[in-house]
Each structure stands twice: as structure tokens, then as C-alpha cells.
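Listed below, chain by chain, are the residues.
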Amino acid sequence: MRIPFTARRMSVVSALKPTRISTAIALVVILGCGYFADRLYQRAIEHDRRTEVLGDVNLIRAKLEGNINGNIQLVRGLVSTIATEPHMTQDRFADLVGSLMKNRSQLRNIAGAPDLVISLMYPLEGNERAIGLDYRRSQSQRDAALKARDLNELILAGPVNLVQGGQGFIGRIPVFVDGADGTRTFWGIVSAVVDVQKLYRDSGLLDENLPIDIAIFGKDGMGLQGERFYGPDYIRGSDPVEVEISLPWGSWTLMATPKGGWAPPAAEIWWMRLAILIASILILVPILITGRLIEERQRHATETRKREVQLMRLSRRLELALDASKVGVWELDLVTNKLVWDARMNELYGYADDDGERVYEHWRDALHPDDIAKAEQEFQRAIDAKGRYFSTFRVRHSDGEIRNIRAIGAVYEDAEGASRIVGVNWDVTADVSLNEDLRRAKQLSDARNAELEVAKAHIEYNSLHDPLTSLPNRRYLDNELTRIGNENSANSALLHIDLDRFKQINDTHGHSAGDAVLVHASKVLTSNIAENDFVARIGGDEFVIYCRTPENEEYPIELAERIIDEMKIPISHDGHQCRVGVSVGVAHNHENLFSPQQLLINADIALYRAKNLGRNRYEVFTPLLQIEAIRNKRIADEILYGIERNEFIPYFQPQFDAQTLDLVGVEALVRWHHPTEGVLAPDYFMKIAEELHVISQIDRSVLMQSTRLFETWKAAGMTLPKVSVNVSSKRLHDEGLIEEIKGIDFEPGTVSFELVESIFLDDCNDIVKRNIDQIKKLGIDIEVDDFGTGHASIISLLQLKPRRLKIDRQFVAPIVSSTARQNLVASIIDIGRSFNIEVVAEGVETMEHSSILRDLGCDILQGYAFAPAMPSDDLIRMLLDQRWTHAS
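Residues numbered from 1 in each chain as written. Predicted model: local features only at pLDDT ≥ 70, side-chain atom pairs only at ≥ 80, totals over all residues. Heavy atoms only, no water.

**Considering the overall build of the protein chain**
Working step 1: Across its full length, the protein chain holds 28 helices and 31 strands.
Working step 2: Taken against the 2.2 N^0.38 rule, which gives 29 Å for 888 residues, the C-alpha radius of gyration of the protein chain at 59 Å runs more than 25% over that of a compact globule.
Working step 3: Across its three principal axes, the protein chain shows a C-alpha extent of roughly 195 × 75 × 65 Å.
Working step 4: For the protein chain, with 888 residues in total, the buried portion stands at 42%.
Working step 5: Considering only residue pairs separated by 6 or more positions, the protein chain has 60% of its internal contacts joining residues 24 or more positions apart.
Working step 6: For the protein chain, the exposed area adds up to about 47,600 Å²; of that, 53% sits on carbon and sulfur atoms.
Working step 7: Put simply, the protein chain has 101 plus and 128 minus side-chain charges, and the middle of one group is 12 Å from the middle of the other. (Helix = DSSP H or I, 4+ residues; strand = E, 2+ residues; numbered from the N terminus. Rg over C-alpha atoms; globule rule 2.2 N^0.38 Å. Buried < 20%, exposed > 50% of the residue type's maximum accessible area, 1.4 Å probe, protein only. Contact = heavy atoms within 4.5 Å. Areas by Shrake-Rupley, 256 points an atom, 1.4 Å probe, with all protein chains shown as cover. Lys, Arg positive; Asp, Glu negative; His and termini not counted. Charge placed at Lys NZ, Arg CZ, Asp CG, Glu CD.)

**With respect to the pattern of salt bridges**
Working step 1: Applying the stated criterion to the full structure yields 51 salt bridges.
Working step 2: D239 is the salt-bridge partner of R50, the closest N and O atoms lying 2.2 Å from each other. Remark: D239 occurs in the loop between β7 (228-230) and β8 (241-246) and R50 occurs in helix α2 (residues 18-84); sequence separation between them is 189 residues.
Working step 3: A salt bridge links E296 to R299; the nearest nitrogen and oxygen atoms lie 2.9 Å apart. Of this pair, E296 and R299 both sit in helix α7 (residues 284-325), separated by three residues, roughly a single helical turn.
Working step 4: The partly exposed category is assigned to E296, whose relative accessible area is 29%. (Salt bridge = Lys/Arg side-chain N within 4 Å of Asp/Glu carboxyl O.)

**So, the sheet that holds strand β15 (residues 419-427)**
Working step 1: What the six strands build is an open sheet, ordered β12-β11-β10-β15-β14-β13; its pairing is antiparallel. Single-partner strands in this sheet number two, and they are β12 (358-359) and β13 (388-396).
Working step 2: Relative to strand β11 (residues 338-341), strand β10 (residues 328-333) runs antiparallel, the two being bridged by three bridges. Counted as the bridge partner of L332 is L339 from β11.
Working step 3: Each of β10, β13, β14 (402-413) and β15 touches helix α10 (residues 372-385); the most contacted strand, β13, lies at about 160° to it. (Pairing = 2+ DSSP bridges. Axes fitted to C-alpha atoms, helices over the stretch in contact; angles between N-to-C directions.)

**Here's the deal with the confidence of the model for the protein chain**
Working step 1: Across the protein chain, the average pLDDT comes to 85, with 92% of residues at 70 or higher.
Working step 2: Here residues 1-17 scores under 50 on pLDDT; set against residues more than four positions off or in separate chains, the count is two contacts. (pLDDT = per-residue confidence, 0-100.)

**Looking at the side chain of H465**
Working step 1: Of note, H465 is situated in the loop between α11 (429-464) and α12 (474-485).
Working step 2: Overall, H465 belongs to the buried group, its relative accessible area being 14%.
Working step 3: Looking at H465, its side chain comes within polar contact range of the main-chain oxygen of Y461, at 2.9 Å.
Working step 4: The contacts of H465, once residues within four sequence positions are left out, are S470, L471, P472, N473 and Y476. (Polar contact = N/O pair within 3.5 Å; in protein donor to acceptor, adjacent residues only side chain to side chain.)

**Some words on a negative patch on the surface**
Working step 1: Residues E551, E553, E554, E558, E561 and D565 make up a contiguous surface patch of negative charge.
Working step 2: Within the secondary structure layout, E551 lies in the loop between β18 (542-547) and α15 (555-567). (Patch = residues over 30% accessible without salt bridge, like charges linked within 9 Å, V, L, I, M, F, W, Y side chains within 5 Å.)

**Remarks on the packing of aromatic side chains**
Working step 1: Following the criterion strictly, the structure yields 24 aromatic pairs and no others.
Working step 2: On the basis of an interplanar angle of 80° and a centroid distance of 6.3 Å, the ring pair of W330 and Y389 is categorised as edge-to-face. Remark: Y389 occurs in strand β13 and W330 occurs in strand β10; sequence separation between them is 59 residues. Summarising the burial analysis for this pair, W330 and Y389 share the class buried.
Working step 3: Their ring planes at 85° and their centres at 6.4 Å tell us that F594 and F621 sit as a pair that is edge-to-face. A residue pair is termed long-range when its members are at least 10 positions apart, and F594 in the loop between β21 (581-589) and α16 (596-612) and F621 in the loop between β22 (618-620) and α17 (623-644) qualify at 27 residues.
Working step 4: Look at F621 and you get buried, because its relative accessible area is 11%.
Working step 5: Among the aromatic residues, those joined into a ring-pair cluster are W330, Y360, W363, F379, Y389 and F393.
Working step 6: Positioned above the aromatic ring of Y135 is the side chain of R172, whose terminal nitrogen or guanidinium carbon lies 5.2 Å from the ring centre.
Working step 7: In this structure, R236 is placed above the aromatic ring of F217, and the distance from its NZ or CZ to the ring centre is 4.1 Å. (Phe/Tyr/Trp six-rings, centres within 6.5 Å; stacked < 30°, edge-to-face > 60°. Lys NZ or Arg CZ within 6 Å of the ring centre and 35° of its normal.)

**Some remarks on helix α13 (residues 502-509)**
Working step 1: The set of residues buried in α13 consists of F502, I505 and N506. In a view along the axis of α13, the buried residues occupy a sector of 95°, so they form one face of it. Of the exposed residues in α13, those oriented more than 90 degrees away from the buried face are K503, D507 and T508.
Working step 2: Those residues of α13 hidden inside the fold are in contact with β16 (492-500), α14 (511-528) and β20 (576-578).
Working step 3: Looking at the residues trailing α13, positive phi occurs at G510, about 95°. (Arc of directions from axis to C-beta.)

**Overview of the sheet that holds strand β2 (residues 120-122)**
Working step 1: Reading across from one edge, β2-β1-β5-β4-β3 is the order of the five strands in this open sheet, with antiparallel pairing throughout. Only two strands of the sheet have a single partner each, and these edge strands are β2 and β3 (155-161). Across the sheet, the axes of successive neighbouring strands diverge by a mean angle of 20°, strand direction being ignored.
Working step 2: Of the strand pairs in this sheet, strand β4 (residues 167-178) and strand β5 (residues 184-195) are connected by eleven bridges, and their pairing is antiparallel. Paired with R172 across the bridge in β5 is S191.
Working step 3: Along the sheet face, helix α4 (residues 142-151) touches β3, β4 and β5 and points at about 30° away from the line of β4.

**Things to note about unusual backbone geometry**
Working step 1: In this model, Y122 is joined to P123 through a cis peptide bond whose omega is -10°.
Working step 2: One can find P123 in the loop between β2 and α4.
Working step 3: Of note in the backbone geometry, S470 takes a positive phi value of approximately 65° without being a glycine.
Working step 4: Along the chain, S470 turns up in the loop between α11 and α12.
Working step 5: For S470, a relative accessible area of 44% gives the class partly exposed.

Here's what the structure looks like:
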């Protein structure tokens, strides 16, 4: 506004001399510029001072944040450990916290408060008063503790007055424990007390040379909303520099002003004004020059501030990076041998952080004695090559602690041409320990793998050998026969061996005797075979010998004979003489006609024939045996189909009173109504049916059909006293027999069960005895069939109390021509009478037989002299015609 004002006044002062006008103008300009320069200078000084204060404040802020975050990170590691060990003891807690507090920190103590009650503390000494403190009852600490629990976040409170004395910042971290079902349970609070004075000192707040006054606001992390807890209160109203200190939860606000206030020194201002005055007196040019200088100074100040900010940022980043990575920085002057270490380097090598001078010998003396030569050699090699430096070595602290250090560096020349080497070190003790653990784990794994290989070989051996005799087993034999099948096995032979009476040895002398017999048999076999023969135990009492290249065609026969002869010799066991025999099936492979597997089948067929022909012998396989085996297989299949199609039916043979020839009953005899062969007698199929274990099914079918027909005859008005049905030994051993009989509709006293004497009534077990007693209670008579051919004794007759005895046909047939046989039959009849047992004679072929038996006192007659076995329809016709009366 001054220039337009001057222009308006020019018309008034037009009469003034140009010099005065110029002087006035110059004076006005000089005064205006002087005033502007004075204000600009004051602002520049103020700005510079604010920049300096901001730099000091940021440094303190960085230290505060770094120290607080470092302390918190130490505690977070402890929290993770407690989460996995919720029942941690005081000793365990003290060990963990003690190792944490070895690191440089401002932690005063750390407390664990399960369920919000302090019970864990380290160090305990001096903090005893805090034990037992319940946060819920502490008015000053309750809110922060509950907030940490509810928010599941770290809460930094303070400064607070401590129970154990003094003040501290308290970081409270909630601890949650993961349960087995995935839920998280609140364990309690871990509180870390940061010593207020130590934090202030380590962060530079207590430095006597600090050029600024500082106040900190935001108690309990509340920022500007919180109370002031450090510094004078007047700073807030003194236009302070403000910075925010970020905390794990919340923030503080740091305010700072220079000591003495913002006003610049008076002397400095007056010197500036004097300079302006001198410039005004001299010439206008100095005014212009001064303006220019001020402009340059402002630009320079701006650049300076930018560089300071950049330097501050780089310095802060470097500091945080080094602190976070725990890396120590070093530099060695190769000419003067002087060593520059930072604080981390002193910590790594166990030296005090006292800013003391370090030399090369400090590094060498800290090395582990076993690593000195190697470390110095690697260091010297890098210096000689003027290249990169890499090394890993151990250092030993004064307290005996050993750390593993990794070092890297590089040689360079400074501006003056002096050689230096600069580098970094960091602690790799944990890595070395982990590698050592991995090495030990690998050694353990290798050892276990070796054990597994041994165990695998042992298991493989056991899977291929019989544990009792140590002979190869069936699996080994199958593998061997498969392998042999790929070779030429012409003229080979195979012996299939089965022990006779082995089951009786087990039943009478026990399984230990059976085991002894098996071991003896294995020794007999192995002692008689040739060197290249193969012997195996393939079943309970079955063995196989494979003769790869017999000496001659008779060798397998001779081998079988030797084995049979040696096995006849009694075996002594536990004071008993165990006698067993062997049956042997021999199969030759002339001209390589059979595979080894087929050879085993052929030997099995021959063994089957040897057992059928009386045991304790050998049989050689022939094509006829194979044909017979095929026939038996066909019959076996047809029997199974016949059972499914109900082809087994009862035929009935009448029984007559010996005195009156009245019909007293019928015996149901099984017949097979074959679809192509017609009606077949039991001799055709019974033996094969026994091998198939289907006799019980056939017996059941005959019983059901017989009782059903008996009820049909009764309903038709035909009088028939009873029907007799044969019952096999296996049926008597069936625990479900009685329940099955209860399901049959019959009248008590009309059904009889015929039991063959070969059931060994003297040795029958509890199930058989119980079934026979229950059969009698159901109203079914018991008859002993084929009496005199088995092993029943008088005692067994007394115990069994049968209703009838049946004299076998082989005793009845010769009585016509043999007085001795008549006397034998008479004796059997007398035995029956003495026990009040009716006697039935079967196989009565002629009326002469009938007369003799009647005279001997026999009660009932049965045979072709009266009627053969016949189907139900023929029986009905015979009953209606009463043809037996004509025959008599």
C-alpha cells in the first residue's frame, strides 16, 4: 500500500528537489526493507529453533517407542509359552523371565496373574508385597486389567504407584489357552512393569545437557485426552512442538520448548538492526544486497531443514533395522588397528557398553580357544584378497557363556587411501543348536531305520517259517513252487505227509505232547531228505517234501518208506509213549507234465487214498486216482445241490414184534433221489457227505420229513406206534439241537433216535450228555444202533439207559449156521433183559432167522424177511394190504 500512497503524494511535493524525493523514497524503502528484514530474521531464527527442537524430540520419541516396544516383545514371547504351559510353576516362570531380562531392557519385574490374582513374580526379591494382589480389588489397576481381558489386547497403563514401592508403566497382556475342543479359555494376565526412571534415563529424558524442556501427556495411553505425567505444566501454553508416541494400545503426546523459551537473544537482534541501520546510511545497494543475502539464507535454511529431515528419517530407519535384527556393526582400521563397535557388538562379545576404545585384540581375546586359528585365518584371507569376509565362530564371555557368531564384511579404502574393513555380526546360537538337534534327530532316525530293517527281516523270516519247527511254511512253499514253475522241473517228485492219530495225541496228552511230535516229525523228515530237497510244514500235522532232482525213480518211494518206518518208533514225552504214524501221498512229474502246483494237488489226492486204505502207508498218484477224485468232487457238488433241492428223502423199513409179528414201528432210512441216477443208497454218498460236514443237514431233513409224514398217516387213520430216526454224532454235539426239536410237532413216545455205538458213549462230552437228557425229557426214546461193533461199555449203558439195543446185521446173519454166533447174540439179548432194555435184531433175511431170534428171546425183528425199506406211498399200501402176514 505504500507505493500507491507515495504516488498520490507526488503531486503535492512536486516542487521538492529530486534528491530529497529520492532520499525520502530511498529512506522509506530502506525503512520498509529494514523492518521486513528484521521480521524475516526473527522468523528464520524461530524456525531454526523449532527444527532443532523437533529433531531432539523425534530422537527421544524414537528411543521411547523402541524401548517400550522392545520390552513388550520380550513379554509376548513369555505369553506364548504360558499359553502352552498353563500350569507353570514359579520356578519355571522365574527361569523363563530370568532369561528374558538378561537382554537389555527397562523391565523392573514381570508378574503372572492367573484368574487376575498375582501368584507368579520375577524377581521375587523386593516384590513380595505384590504377591496375592487381586486386580479386581485394586482401584488403580482394575479398569486396565479388565479392559485387557475383555478386549483381548495389550493395555499399557501408567505411570502407576506400585504396591512394592516406586512407579512404573504396566503392560498387561491377556493370556488365553486353547482347549482340546478348539475353544479358548481365559487364563489370566501377564503384567510387565517398566521402570519409569530407567525408561526416562535410557530414552534421554534425564540428560542434563538436553537443550529442551519436555512434557508428556496421555497417562494410560489416552493421548491428549490423558493427564500429564512428565515435565512442567507451563509447556502446554508455550506454543510447544508436539509429536505423538505410538504405543501398542493408545498413544502419548510429547510437547517440547527450548530452555529459556522461543524468544531469540536480544544482542543478536540488535546487531541485526545495527547492520540494517549501517546499510541504510551507506547506500541503497547494501539494502538490495542484504535482501539478496536474506533470500539466499532462506533457501539455504530450507535445504538444510530438508536434509536434516532426510537424515533423521534415514537414521531412524537404520536404528530400528539394527535394533530389530539384533545385528552389531563394526569397523577396523587396518593401519592403526583401532576397532569401532556399536552397543550390540559389545553385547555379543560380552563387553560393557561403556564407549571404551576397542582394538583388534578385544575381538581375538573373546574368541573360543578352539576357533581362534580358524577365525583369524579367514579374517586374514579376506584382508589379503581385499574382498569379502565370511566367517562363523564361537565366542566365550567372562561368565563362561558360549555364543555362536556369524560375521560378514568387506575391505575398502577411504578417501585418504587408508584400508579399512567394515562388517556386521549377529548371534546364530539358536540356529547352530537347531542344526545340532536336526543332526541328532537324523542319527536317531537312521538308527531306527536300521532297527526297522532288522525287524522287517525278522518278520519276513517269521512269515515264511513255522515258529515251532523252524521249517518253511505254506507261504514259503507257494513261493518256492512258483519259482520252480519258471524252471525245468522234469523228473521231480513231491511227497504230501500227514500224521496219523495226531488229534488223539493232543486230546489225551495235551498240546505240549503234540508239539513234541511235530518237532520229532520235522527232525525225521530233515534227516532223511537229500541235500537239494525242500521240506515244509503246511498245516497242523501236514508236511511236504519236494524232491528237485531225485537220484532215481524209486527215491521218493524209498524216502516215504524210511519216513513211515522211523515214525513208527514211539516218542517219549513226559513219561508217556506217544505213538503216531504217517500217511504219505507221492506224485511224480515224469517228462515235466505237471506244474509244481499241480504236483502238490496230485500228491494230496494220493494222500487221501492212503488214509482211506488204512493209514500208516504211502500211495503213489495215478491217473485213476485223479479220475476218482474228480468223481468224488462231482458227487460232492451234487450232494450240496441235492440238499438245496430237498433230494434226500426218508425210506421206511417196518419193525415187527418177534412173538406176534405185529407192526411195532418203522425205521427212517435216508435215500438220495438223484435226478439222473435214480434212488441211491447211503453207501453211495454217505462217506463224501461226512467229509463235507453236511450229515447234520441231511439228518435234520430226514427228521422233519419223517415226523411230518407220521402226522399225515395218523390223520389218515393208519395206526403206527413209532418211527425211529438216525442221529449222527455231530448232531448230538449241536448246542441248538434241543431248541430245534422243540419246534417240531410230534406226540411224545412216537419218535425214537438211533445213536450209533461208535459215538464213544464212555467219552462223550457235557454237551452230548445234556442233549441226550433233554431228548428223553421231550418224550423221545433212545436206541443204540449197531450194538457190539463200537466201544460202549456196561457202565455207559447204565448211564445212558436206552429204550432199545439194535444187534448189528453182521452178528445176525451167521446164526443159522453157527452155534457160537447164536450164543453171542443170546448174550447180547441177556444183557438187554438184565437192564430192562428191548432188543431189536436187524438184517433178518429169512424166516429161519426169525424163528431162532424169537427162541433166543429177541423182542423186535427187522429185515428183508418181512419187508425192505420203501417210500411212504409203498408203506401205506403195505399197511393197507398187511402183506407181512403173508410173508410170515
